[in-house]
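Examining the three-dimensional arrangement
As a plain string of letters, each chain reads:
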Amino acid sequence: MRIVFLGTPEFALPILDACARTGQLVAVVAQPDRPVGRSGKPQAPPTKRWAQERGIPVEQPEKVKGGNLARILSAHSPDVAVVAAYGRILPADALAAPRDGCLNVHASLLPELRGAAPAQWAIARGYEVTGVTIMQMDEGLDTGDVRLQRSLQIAPDETGESLLGKLGTLGASVLAEALGLLERGELLRKPQDHSRATLAPILRREDGEADFSRTALELDRRRRGFTPWPGLWTKVQGAVLKIHSSEPLPAGGRAPGEIVGTSAAGIDVSCGDGTVLRLREVQAEGKKRMPASAWLSGHPLKAGECLGR
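All right, on to the overall build of the protein chain then. Looking only at helices and strands, one finds eight helices and 15 strands in the protein chain. Out of the 309 residues belonging to the protein chain, those deemed buried represent 50%. Long-range contacts, defined here as pairs at least 24 residues apart, represent 63% of the contacts in the protein chain between residues at least 6 apart. Taken as two groups, the 39 positive and 35 negative side-chain charges of the protein chain have centres that lie 4 Å from each other.

Listed below in structure tokens is the structure:
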């Protein structure tokens, strides 16, 4: 089976490796090199580096419409294209180029959590179970037929980063199974129930700003889900303070954002429904992360003061 893989970030690497082990990987398509870090020098994405190390052809089209991506795919005569976090919406002509179309490895149990950040939002919204879906791609946003699904339990201390790693590994296993079934003509196809669809939109920096009218549990979930970016953050006297570690407490709150107290254990902040979020580890702009008690030694706060200003 001839396979073209489309994907860009590190999450996609186990899935890319599964393609190489399961069939004949004839090309890798990734987004163009982008500036990274303070140097601003363009760097190759992880999937490109993986392919170059193995002598596999790499394509990096700037544009996918106007027949550009379709021509690239057709040139490699794939039986199927596998897509995992490519970062571009594929036009109809590209979807139709491979003999068996395009299979997407999506990090949720569709139709739940359609969109760019399903693992992060699963944690932020308090899901206990998520998983991986192998989907037959169409022109919609993750609306295609389900070909295969497998579930995964979300650990109580899970972060967006750790969950993505687990889902990448699971996705590789499920994809290998799906490709084997596809080659034998045994891969089932089931339309999604669109009435059950939820969205997991691309993360924005402002998604990480702590809204203390939410409960402490909600804020702690968002902190974990949005790790490493945008994280959970607030403002103290106009300066950003990132919250790296926190603990939700069930009671003792006052007005949202009001400091209930400070101690060696951290900073206790009042949240919605009378709950309290204890900030245990924080990071000021331009500084290293540190215990909240250490940060307090240079930034004394009193009970009754408010965060978020």
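Next, the rest of the story.
Tallied over the full model, the rule gives one aromatic pair. Plain terms: the ring middles of Trp-121 and Phe-226 are 5.1 Å apart, the flat faces sit at 80 degrees to each other, and that makes the pair edge-to-face. Residue Trp-121 is located in helix α5 (residues 118-124), and its partner Phe-226 is located in the loop between α7 (216-225) and β10 (232-236); the two are separated by 105 residues in the primary sequence. You can call Trp-121 buried: its relative accessible area is 7%.

Right, let's talk about the packing of helix α1 (residues 13-22) against helix α2 (residues 46-53) for a bit. At a closest axis distance of 10 Å, the pairing of α1 and α2 adopts a crossing angle of 35 degrees. Between α1 and α2 lies a crossing whose hand is right-handed. Facing α1, whose interface residues are Leu-13, Leu-16, Asp-17 and Ala-20, α2 presents Pro-46, Thr-47 and Trp-50. The class makeup of the residues in the contact of α1 with α2 is five nonpolar, one polar and one charged.

What follows is about α1. What α1 keeps buried is the set Ile-15, Leu-16, Ala-18 and Cys-19. The buried side chains of α1 occupy one side of the element, clustering within an arc of 155 degrees when seen end-on. On the buried face of α1, the contacting elements are β1 (2-7), β2 (24-29), α2, β6 (80-84), β7 (102-106) and α6 (160-183).

This model, assessed by the stated rule, comprises 17 salt bridges. For Arg-99, the salt bridge is made with Asp-79, and the minimal N-O distance between the two is 3.5 Å. Pair noted here: Arg-99 is in the loop between α4 (92-95) and β7 and Asp-79 is in the loop between α3 (68-75) and β6, with a separation of 20 residues, a long-range link. On the accessibility criterion, Arg-99 (60% relative accessible area) is exposed. With a shortest N-O distance of 3.0 Å, Glu-281 and Arg-289 are connected by a salt bridge. Assessed through its relative accessible area of 23%, Glu-281 is described here as partly exposed. Take Arg-289: its relative accessible area is 45%, and that puts it in the partly exposed class. What you see here is one network of salt bridges that share partners, running through Asp-79, Arg-99 and Asp-100.

Okay, the sheet that holds β1 next. The mixed open sheet is built from seven strands, whose spatial order is β5-β2-β1-β6-β7-β8-β9. Of all strands in the sheet, those with a lone pairing partner are β5 (58-59) and β9 (146-153), marking the two edges. Of the pairings in the sheet, the one linking strand β8 (residues 129-136) to β9 comprises seven bridges and is antiparallel in character. By the bridge assignment for β9, Ile-134 is matched with Leu-148. On top of the sheet, α6 reaches β1, β6, β7, β8 and β9; it is set at about 145 degrees to β9, its chief contact.

A few words on the pairing of β10. Taken across its five residues, β10 has four buried, putting it largely inside the fold. When β10 meets strand β11 (residues 239-249), the two strands line up antiparallel, connected through five bridges. Along β11, the bridge assignment pairs Lys-235 with Val-240. Hairpin geometry of β10 and β11 is characterised by an intervening segment of two residues between the two adjacent antiparallel strands and by a positive phi of about 50 degrees at Gln-237.

At a minimum axis distance of 8 Å, the contact between α1 and α6 shows a crossing angle of 25 degrees. If you check the angle between α1 and α6, you find them roughly parallel. When you trace α1 past α6, the crossing you get is right-handed. The residues of α6 that touch α1, namely those facing Pro-14, Ile-15, Ala-18, Cys-19 and Thr-22, are Gly-168, Thr-169, Gly-171, Ala-172, Leu-175, Ala-176 and Leu-179.

Rules of the game
Residues numbered from 1 in each chain as written. Predicted model: local features only at pLDDT ≥ 70, side-chain atom pairs only at ≥ 80, totals over all residues. Heavy atoms only, no water. Helix = DSSP H or I, 4+ residues; strand = E, 2+ residues; numbered from the N terminus. Buried < 20%, exposed > 50% of the residue type's maximum accessible area, 1.4 Å probe, protein only. Contact = heavy atoms within 4.5 Å. Lys, Arg positive; Asp, Glu negative; His and termini not counted. Charge placed at Lys NZ, Arg CZ, Asp CG, Glu CD. Phe/Tyr/Trp six-rings, centres within 6.5 Å; stacked < 30°, edge-to-face > 60°. Axes fitted to C-alpha atoms, helices over the stretch in contact; angles between N-to-C directions. Left-handed = near helix turned anticlockwise from the far one by under 90°. Nonpolar A, V, L, I, M, F, W, Y, C, P; charged D, E, K, R; others polar. Arc of directions from axis to C-beta. Salt bridge = Lys/Arg side-chain N within 4 Å of Asp/Glu carboxyl O. Pairing = 2+ DSSP bridges. Parallel < 35°, antiparallel > 145°, perpendicular 65-115°, else oblique.

Function cannot be inferred from these measures alone, as they are strictly geometric.
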